[in-house]
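Residue-level structural notes
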Amino acid sequence: MTVSYQHLFLGYEIRDTVTHESGVGEWPHLSAVTVYIENGHDQDLTITIRGNKERTVMGSVELVSAFTVSAGTAVSYTLTPETTGWLPYIYVTAKAATAPTKGEINVTIITIEKEA
């Protein structure tokens, strides 16, 4: 099996309370993907996982309802076509209710491909 990683946020610092959009990643196959989120900030973040039919954030839809990632913690969400539906492109949004003063966020899409 081959494990692939796509970084949507990598060392991204949030210092305000506006919504930040990550880069857009690919969900290449009709199989599960895991979104691994590390919140290294000193404040909690509200995260949404969104999908789209095109490689853009415009016109996207919510795949996973908003959830909180506490300061200094990491969580993972596994998406499958059966539970979230499937769209070829995904990204996340991150928002702090109180502006962080230090730290960063990392968000990675992890996929596993079976060997032929």
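Residues numbered from 1 in each chain as written. Predicted model: local features only at pLDDT ≥ 70, side-chain atom pairs only at ≥ 80, totals over all residues. Heavy atoms only, no water.

**Concerning the pattern of salt bridges**
Within this structure, the stated rule accounts for 2 salt bridges. Measuring nitrogen to oxygen at the nearest pair gives 3.8 Å for the salt bridge that ties Arg15 to Glu13. Glu26 is the salt-bridge partner of Arg55, the closest N and O atoms lying 2.6 Å from each other. Of the two residues, Arg55 sits in the loop between β5 (45-52) and β6 (61-69) while Glu26 sits in strand β3 (residues 25-26), which places them 29 residues apart along the sequence. (Salt bridge = Lys/Arg side-chain N within 4 Å of Asp/Glu carboxyl O. Helix = DSSP H or I, 4+ residues; strand = E, 2+ residues; numbered from the N terminus.)

**Details of the sheet that holds strand β4 (residues 33-39)**
By definition, the strands of a sheet pair up through backbone hydrogen bonds, in either a parallel or an antiparallel sense. The strand order across the open sheet formed by 4 strands is β1-β9-β4-β7, and the pairing between neighbours is antiparallel. The open sheet has two free edges, formed respectively by β1 (2-12) and β7 (73-79), since each of these has just one partner strand. Across the sheet, the mean angle separating the axes of adjacent strands is 15° when strand polarity is ignored. As paired strands, β4 and β7 are joined by 7 bridges and run antiparallel to one another. By the bridge assignment for β7, Val33 is matched with Leu79. (Pairing = 2+ DSSP bridges. Axes fitted to C-alpha atoms, helices over the stretch in contact; angles between N-to-C directions.)

**Description of the pairing of strand β9 (residues 105-113)**
The pairing of β1 with β9 spans 8 bridges and is antiparallel. Bridging from a neighbouring strand, Tyr12 pairs with Ile105 of β9.

**Considerations on the environment of Thr48**
If you trace the backbone, Thr48 turns up in strand β5. Separated by 19 residues in the primary sequence, Thr48 and Phe67 place their C-alpha atoms 6.6 Å from one another. Each residue touching Thr48, except ones within four places of it in the same chain, is listed here: Glu62, Val64, Ala66, Tyr91, Val92 and Thr93. (Contact = heavy atoms within 4.5 Å.)

**Focus on the nonpolar core**
Core analysis: the biggest nonpolar cluster contains 22 residues, and Ile47, Leu79 and Ile105 have the highest contact counts within it. Sorting the residues of this core by element identifies β1, β4, β5, β6, β8 (89-95) and β9 as the ones contributing at least two each. The greatest single-element share of this core, amounting to 4 residues, is contributed by β6. If we ignore the near neighbours within four places in the chain, the residues touching Leu79 are Trp27, Ser31, Ala32, Val33, Val35, Ile49, Leu63, Val64, Thr84 and Ile90. (Core = buried A, V, L, I, M, F, W, Y, C linked by side-chain atoms within 4.5 Å. Buried < 20%, exposed > 50% of the residue type's maximum accessible area, 1.4 Å probe, protein only.)

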